[in-house]
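Secondary and tertiary structure notes
As a plain string of letters, each chain reads:
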Amino acid sequence: MSRATASADLSAPADAAGGAFRAAIETTKPRITRLVTLTSAMGFAVALLASGERPAFGATVLTALAAVLGTALSASGANTINQWWERERDGRMPRTAGRPIPTARIDAGAALAWGVALGIIGVGVLWVGAGVVPASIAAATILLYVFIYTPMKVRSAWCTVIGAVPGALPPVIGWSAAAGGNDFSAAIAPGALSLFALMTVWQLPHFYAIAWMYRDDYAAGEYRVLPRDDANGKKLASWMVPTAALLVPVSAWPAFAMGEGVAFVYLAIAVLSSLAYFAMTVRFARDRSRERARTVFFASIAHLPVLLVVLVAESTLRAAL
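The text that follows walks through the structure, step by step, so that each part is easy to find. Here the structure is a predicted model, which is why all the values come from computation and not from measurement.

1. Topic: the overall build of the protein
- Assigned secondary structure in the protein consists of 13 helices and zero strands.
- Of the regular secondary structure in the protein, the N- to C-terminal order runs α-α-α-α-α-α-α-α-α-α-α-α-α.
- Dimensions of the protein along its principal axes, counting C-alpha atoms only, are 75 × 55 × 35 Å.
- Sequence separation of 24 or more characterises 76% of the internal contacts of the protein that already satisfy a separation of 6 or more.
- Measuring between centres, the 26 positive side-chain charges of the protein sit 5 Å from its 18 negative side-chain charges.

Written out as structure tokens, the structure is:
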């Protein structure tokens, strides 16, 4: 055996293991998981700053790490189980045909086991490190996403509204963790509800834009993410524009729900940004092209991070002063 052959034989298992690991990570939808984790961390930070309390630094850091890690693992598990559930339909859609399960880069059974394990570990980390309330919310998020939203995607266009609920719960996980983790009333505090409402409403025009951009793919997968008999997009626009209009007051709500922690700066930016976003959805309603939908999509992924950054920044500054 030549040195080159021996080297190839030795590297093959490592390459295979690395490929399997990358495929497993890909099933977790890393970009979505990052956003979910970020919103949970933001909920934790804003709740802590708004409370005016200064608990022990070490305990705060440990709780924050548990909240962030537990949210990330729970979201990863839900996303992986979702990909397992939708593996056959994903294989029909050009947008998703390259995912790990349709391309057999990971076995379907292994992916399911991986997803279940991630979900259980994530909820467990939250329970031990952040409290019963964040853990319960994370468990509910997984159940809603997997067992209600996922099967509903092939039955009704209302799936988008239903799916927005689990997508909006991570900030409440962070908020309830910062509030001690064992008081269920923290999950319905005005600040927590304002963040939940912001995330819920933000997702609707965001996903309607995606649904229109990739409507042929969704049709190939037989997903009912668009209204029936809506070839020209009028029905979709009739949903997109009102939800974007609702986003204006909802984006402003945190400024009034968090006491003195957030005020004029956030409020001004939230109103201006959401009005600009609303204007783009109106333009889509007038010209229902893929280009206009893409503009709405990019506006949505700019709107939310701007609000989150300003919200945390102003809360931090006011707490310091």
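So much for the structure itself; the text now carries on.
2. Regarding helix 12 (residues 264-286)
- Relative to the 33 Å expected for 23 residues at 1.5 Å per residue, helix 12 spans 33 Å between its end C-alpha atoms, a close match to the ideal helical length.
- Taken as a whole, helix 12 has its buried residues at Tyr-266, Ala-270, Ser-273, Ser-274, Tyr-277, Thr-281 and Phe-284.
- On its buried side, helix 12 packs onto helix 9 (190-213), helix 11 (234-257) and helix 13 (290-320).

3. Some words on the packing of aromatic side chains
- This model, assessed by the stated rule, comprises eight aromatic pairs.
- The structure contains a cluster of three or more aromatic residues connected by ring pairs, namely Trp-158, Tyr-208 and Trp-239.
- A cation sits over an aromatic face here: Arg-95 above Tyr-214, 4.8 Å from the ring centre.
- One Lys or Arg, Arg-290, reaches over the ring of Tyr-214 and ends 5.1 Å from the middle of that ring.

4. Section: a nonpolar patch on the surface
- Taken together, Trp-85, Leu-143, Phe-147 and Ile-148 make up a surface patch of nonpolar side chains, about 400 Å² in accessible area.
- Positionally, Leu-143 belongs in helix 6 (residues 132-152).

5. Remarks on the nonpolar core
- Core analysis: the biggest nonpolar cluster contains 70 residues, and Ile-137, Trp-175, Tyr-218, Val-225, Tyr-266, Phe-284 and Leu-311 have the highest contact counts within it.
- Sort the elements by how many residues they give to this core and helix 9 lands first, with 15 residues.
- Among all residues touching Tyr-266, those that are not within four sequence positions of it are Leu-198, Ser-251, Ala-252, Pro-254, Ala-255, Leu-307, Val-310, Leu-311 and Glu-314.
- Counting residues in hydrophobic clusters, the runner-up holds five residues, among them Ala-23, Ala-24, Ile-106 and Ala-111.

6. Some remarks on the pattern of salt bridges
- The tally for this structure, following the rule as stated, stands at six salt bridges.
- A salt bridge links Arg-105 to Glu-26, with the shortest nitrogen-to-oxygen separation between them at 3.0 Å. With Arg-105 in the loop between helix 4 (87-90) and helix 5 (108-129) and Glu-26 in helix 1 (residues 3-27), this residue pair connects regions lying 79 residues apart in the sequence.
- Between Glu-222 and Arg-92 there is a salt bridge, with the nearest N and O atoms lying 3.6 Å from each other. Taken together, the residues span a long stretch of sequence, with Glu-222 in the loop between helix 10 (215-220) and helix 11 and Arg-92 in the loop between helix 4 and helix 5 at a distance of 130 residues.
- According to the relative accessible area criterion, Glu-222 is partly exposed, its value standing at 49%.
- In the salt-bridge network here, residues are joined through shared partners; they are Arg-89, Arg-92 and Glu-222.

7. A few points about the environment of Gly-191
- Here Gly-191 is to be found in helix 9.
- Measuring from C-alpha to C-alpha, the distance between Gly-191 and Pro-254 comes to 6.3 Å, with 63 residues separating the pair along the chain.
- Not counting the four nearest positions on each side in its chain, Gly-191 is found in contact with Trp-175, Ala-257 and Met-258.

8. A few points about unusual backbone geometry
- For Lys-29, which is not glycine, the phi torsion reads 55 degrees and is therefore positive.
- Topologically, Lys-29 is positioned in the loop between helix 1 and helix 2 (30-51).
- Although it is not a glycine, Ala-104 sits at a positive phi angle of roughly 60 degrees.
- As for its placement among the helices and strands, Ala-104 is situated in the loop between helix 4 and helix 5.
- Taking the relative accessible area as the measure of exposure, Ala-104 reaches 64% and is therefore exposed.

9. Some thoughts on helix 7 (residues 159-168)
- Listed in full, the buried residues belonging to helix 7 are Cys-159, Thr-160, Gly-163, Ala-164, Pro-166 and Ala-168.
- Residues of helix 7 that are buried make contact with helix 6, helix 8 (170-178) and helix 9.

10. What to know about the environment of Val-201
- One can find Val-201 in helix 9.
- Given a relative accessible area of 8%, Val-201 falls into the buried group.
- Residues Val-201 and Gly-119, 82 residues apart in the sequence, show an inter-C-alpha distance of 26 Å.
- Excluding anything up to four places from it in sequence, Val-201 contacts Thr-243, Leu-246, Leu-247 and Val-250.

Quick notes on the rules
- Residues numbered from 1 in each chain as written.
- Predicted model: local features only at pLDDT ≥ 70, side-chain atom pairs only at ≥ 80, totals over all residues.
- Heavy atoms only, no water.
- Helix = DSSP H or I, 4+ residues; strand = E, 2+ residues; numbered from the N terminus.
- Contact = heavy atoms within 4.5 Å.
- Lys, Arg positive; Asp, Glu negative; His and termini not counted.
- Charge placed at Lys NZ, Arg CZ, Asp CG, Glu CD.
- Expected span 1.5 Å × (residues − 1).
- Buried < 20%, exposed > 50% of the residue type's maximum accessible area, 1.4 Å probe, protein only.
- Phe/Tyr/Trp six-rings, centres within 6.5 Å; stacked < 30°, edge-to-face > 60°.
- Lys NZ or Arg CZ within 6 Å of the ring centre and 35° of its normal.
- Patch = residues over 30% accessible without salt bridge, like charges linked within 9 Å, V, L, I, M, F, W, Y side chains within 5 Å.
- Areas by Shrake-Rupley, 256 points an atom, 1.4 Å probe, with all protein chains shown as cover.
- Salt bridge = Lys/Arg side-chain N within 4 Å of Asp/Glu carboxyl O.
- Core = buried A, V, L, I, M, F, W, Y, C linked by side-chain atoms within 4.5 Å.

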